[in-house]
Amino acid sequence: MGPDAVLGALVAELLLETNMDRPQHSEARSGSIRTFGVACLIMLQAVTPVFAQIELSGSWGARNYSDALSNNPGPRWLPLDFMGLPLNATGLWRGLIYSPSTISMPERICSFYPPIYMLMGPFGLKIWNETEPRNGTTIAWHINGWEDRGPTTIWMDGRAHPSENAPHGMSGFTTGQWVDDVLTTYTTHMKAGQVRKSGAPNSDQVTMTTRYFRHGDILTVTARIDDPEYLAEPYYLTRTFQLDVLPAIRTVGPPCIQGDEGVAEEVVPHYLPGKNPFLDEIMKKYGIPPEASLGGAETMYPDIRKKIKDKYKAPEQCTYACGGPGGFPLRLQ
Amino acid sequence: MTALLSFQKIFRRAGLFVGVCILTLTVSLPLARAQQAASSVEVLQVRPNFYMIAGAGGNIAVQIGSDGVVLVDAGSEQAASKVVAAIKRITDQPIRYIIDSNADADHVGGNATVAKAGQSIFNVGTEPLGGQAASDMTNGFAATILSTDKVLMRMSAPTGKVAEFPRNSWPDEAFDRNRKYLYFNHEGIDIRHQPAAHTDGDSIVFFRASDVVVAGDILDETRFPVIDIAKGGSIQGEIDALNRVIELAIPPGPFSFAEGGTYIIPGHGRLCEQIDVVDYRDMVVIIRDIIKDMIDSGKTLEQVKAARPALGWEKRYGSTPGWTTDNFVEAVYKSLKAAK
């Protein structure tokens, strides 16, 4: 019996017994009991999931306006571009030894990304709900998977997260509740991976709190990413989606066929500490010094500009990934 | 008087109601962030016929079928009775085999108690098969304890010496080859000796139909791998053994967005999939390469430790009492120096 059922049975029993006793008691006393019961109900509703306040079902096309510039139409990430990422010293250390060839390891070609990729990647969302067959309440919201991201199930039935000994899956484990009109979800049990394609790591201890705001045909999704291993502060990502009629987004992505991308089995590409050849890549291309390009919590805030103003020198001509559509360079005027 | 009793009755009910409200509030918290284990021993279902018992020392694998129960490891001596109780809660089949993945006390300490709670395959009905000889061979018709001969030698002792473990916990079926196999509960069970990984006596156990690999302490999700050089462990043997686990396991694909594939039960910590072992192997290889580079450039052990070659994983794996980052770095350093 769930908590709602327990409450219902108790209220029914209490009211029934109160009514039976009523001739012997004052109306005021039984009235105060009812008031107390209602108060308890209100208290419970404040902490119990409220089901399906807003309709989220449909195909939501990606509108890559913000925090999606690592994909079309924005530039690809350059190696060691950690700007605006609150990496701690350990996270930076991992980022600096990362080799882009890692993703060509036979074991990793089809391993892809944790659910954070919903906000990192360029793809739209297909969302639908699963209902309890007798009363129609939403048990779970489902968000499609893709070739490089697992499907997300958002459990709305109040179930607990699995134990620390349970496996960590490509999709993680997500529970949700409505807070006003915002679906708020919490994801644990994710796999280790990358929080940014430039090599910034996420650990398997990472968690994600995601909020889905619907404003008419626009869906804004924000995520707070907490990683006790590699982030000094929470990292926030935001993406925008728009309700599309056509084309309908599929519920699953294409299959992945493992090919040979040139890295032999049992070989682990990486750089030794202090020997990453791309350390000054951002400086050479954009004139941005390592104090900013290598990330850290302070690079999330505007004051970083003051710190680097004497070291930053804009290149005479931008030649790579200058923000134009499709990654075409924009020349400075 | 009647009014007073009724008043008390109302308040008693109200009190009950308050209590249940508080209880209900507690259990209905919508985003409970972790499932609390009912006791110190947790049973996780891996497959319909396969379980992992955690919290009893090392992890224990449990395969169940009409032939009986096969365990990989028995946990610690202290937790043995809880392990037996946990197994009885999930099946009434007798424990037939315990396969020891190594000779550490947190994996074999429960051998005697758990084996005694089981029943040898030489005792299949009301009449034991083989009489006294079989009884002597099977620890009194207890479940068979199977391991590499290295495990048997570490647990026992030559005549006149004191053994580390009591006799009834020693393996009674030991093998000295690279491979041993059983066909039990309608599936092949492939036991592969890894000669120099965590120790010199480690076994990887592959349950073919269940598609579960039990890695023992070759894979430890709670700490850096314990490379026990004094007991024959080595960094290269550890990497080789992790590669064997990866080789045996298959990830989800071509539908890569699906969950699952082969499950791997580590010696400690959470249930894994192939990519988790790849992550762990990569970590060990990278740290090995960093330390090797420093040795090649003439760095001493103290200089290597001071350079923090495992920094990227220290917080995740390096704070376990008894096996710290420094312990691991030192083991890798000594293993590499010894191999030169």
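Predicted model, so just to flag it, every value in this text is computed and none were measured.

### A look at the overall build of chain B
Item 1. Scanning chain B from N- to C-terminus turns up 11 helices and 15 strands.
Item 2. Looking at chain B as a whole, 56% of its 340 residues qualify as buried.
Item 3. Within chain B, counting contacts between residues at least 6 apart in sequence, those at least 24 apart form 64% of the total.
Item 4. Of the roughly 14500 Å² that chain B leaves accessible, carbon and sulfur atoms contribute 56%.

### A short note on the pairing of strand β2 (residues 125-131) of chain A
Residues and elements named next belong to chain A.
Item 1. With three bridges joining them, strand β1 (residues 58-63) and β2 adopt antiparallel strand pairing. Within the sheet, the bridge partner assigned to S59 lies in β2 and is K126.
Item 2. Strand direction decides the pairing type here: β2 and strand β3 (residues 138-143), joined by five bridges, are antiparallel. Residue pairing in the sheet places T131 in a bridge with T138 of β3.

### Thoughts on the packing of helix α8 (residues 274-296) of chain B against helix α11 (residues 325-339) of chain B
All names here are of chain B.
Item 1. Between α8 and α11, whose axes approach to 10 Å, the crossing angle comes to 60 degrees. Between α8 and α11, the angle is such that the two are oblique. As α8 packs across α11, the resulting crossing turns out to be right-handed. In this structure, α8 contributes I287, R288, I291, K292 and I295 to the contact, and α11 contributes F328, V329, V332, Y333, L336 and K337.
Item 2. Across the contact of α8 with α11, the residue classes break down as eight nonpolar, no polar and three charged.

### What about the nonpolar core?
Item 1. L219, F224, I264, M283, I287, I291 and W313 of chain B are the most contacted members of the largest nonpolar core, which totals 53 residues.
Item 2. Secondary-structure elements contributing two or more residues to this core are α3 (89-97) of chain A together with β10 (202-207), β11 (212-220), α7 (235-248), α8, α9 (301-306) and α11 of chain B.
Item 3. Per element, the largest residue contribution to this core is 13 residues, and it comes from α8 of chain B.
Item 4. If sequence neighbours within four positions are ignored, F224 of chain B has contacts with Y280, M283, I287, A310, W313, E314, Y317, G318, W323, T325 and F328 of chain B.

### Examining the side chain of S210 of chain B
Residue and element names in this part refer to chain B.
Item 1. Tracing the backbone through its elements, the reader meets S210 in the loop between β10 and β11.
Item 2. Assessed through its relative accessible area of 6%, S210 is described here as buried.
Item 3. In terms of polar contacts, S210 uses its side chain to reach the side chain of N49, at 3.4 Å.
Item 4. When neighbours within four sequence positions are excluded, S210 is seen to be in contact with R47, N49, F50 and E187.

### Overview of the packing of aromatic side chains
Describing an aromatic ring pair means giving the distance of the ring centres and the angle of the ring planes.
Item 1. Enumeration according to the criterion identifies nine aromatic pairs over all chains in this entry.
Item 2. Judged by centre distance (5.8 Å) and plane angle (85 degrees), the rings of W93 of chain A and W313 of chain B are edge-to-face. Pair noted here: W93 of chain A is in helix α3 and W313 of chain B is in the loop between α9 and α10 (314-317), and the two residues belong to different chains.
Item 3. Taking 4.6 Å as the distance between ring centres and 10 degrees as the angle between the ring planes, the aromatic pair formed by Y113 of chain A and Y117 of chain A counts as stacked.
Item 4. On the accessibility criterion, Y113 of chain A (13% relative accessible area) is buried.

### Topic: the state of the cysteines
All names here are of chain A.
Item 1. If you walk through the whole model with that rule in mind, you get one disulfide over all chains.
Item 2. Each disulfide pairs two cysteine sulfurs, and for C110 the partner residue is C256, the sulfurs being separated by 1.9 Å. One quick way to see it: the torsion about the S-S bond of C110 and C256 is about -80 degrees, and its sign makes the bridge left-handed. One end of the pair, C110, is in the loop between α3 and α4 (117-120); the other, C256, is in the loop between β11 (235-244) and α5 (281-286), with 146 residues separating them in the sequence. For the pair formed by C110 and C256, the shared burial category is buried.

### Quick look at the pattern of salt bridges
Note on pairing: side chains with opposite charge can pair once their charged atoms come close.
Item 1. Applying the stated criterion across every chain, the model contains 36 salt bridges over all chains.
Item 2. Ionic pairing is found between E132 of chain A and R134 of chain A, a salt bridge with its closest N-O pair at 2.8 Å.
Item 3. For E132 of chain A, a relative accessible area of 15% corresponds to the buried category.
Item 4. Here R223 of chain B makes a salt bridge to D220 of chain B, at a shortest N to O gap of 2.4 Å.

### Some thoughts on α3 of chain A
Item 1. Residues of α3 of chain A that are buried: T90, G91, W93, G95 and I97 of chain A.
Item 2. Buried residues belonging to α3 of chain A abut β8 (200-202) of chain A together with α8 of chain B.
Item 3. Its side-chain oxygen 3.1 Å from the backbone nitrogen of T90 of chain A, N88 of chain A forms the N-cap of α3 of chain A.

So, how was this worked out
Residues numbered from 1 in each chain as written. Chains lettered and ligands numbered in written order. Predicted model: local features only at pLDDT ≥ 70, side-chain atom pairs only at ≥ 80, totals over all residues. Heavy atoms only, no water. Helix = DSSP H or I, 4+ residues; strand = E, 2+ residues; numbered from the N terminus. Buried < 20%, exposed > 50% of the residue type's maximum accessible area, 1.4 Å probe, protein only. Contact = heavy atoms within 4.5 Å. Areas by Shrake-Rupley, 256 points an atom, 1.4 Å probe, with all protein chains shown as cover. Pairing = 2+ DSSP bridges. Axes fitted to C-alpha atoms, helices over the stretch in contact; angles between N-to-C directions. Parallel < 35°, antiparallel > 145°, perpendicular 65-115°, else oblique. Left-handed = near helix turned anticlockwise from the far one by under 90°. Nonpolar A, V, L, I, M, F, W, Y, C, P; charged D, E, K, R; others polar. Core = buried A, V, L, I, M, F, W, Y, C linked by side-chain atoms within 4.5 Å. Polar contact = N/O pair within 3.5 Å; in protein donor to acceptor, adjacent residues only side chain to side chain. Phe/Tyr/Trp six-rings, centres within 6.5 Å; stacked < 30°, edge-to-face > 60°. Disulfide = S-S within 2.5 Å. Salt bridge = Lys/Arg side-chain N within 4 Å of Asp/Glu carboxyl O.

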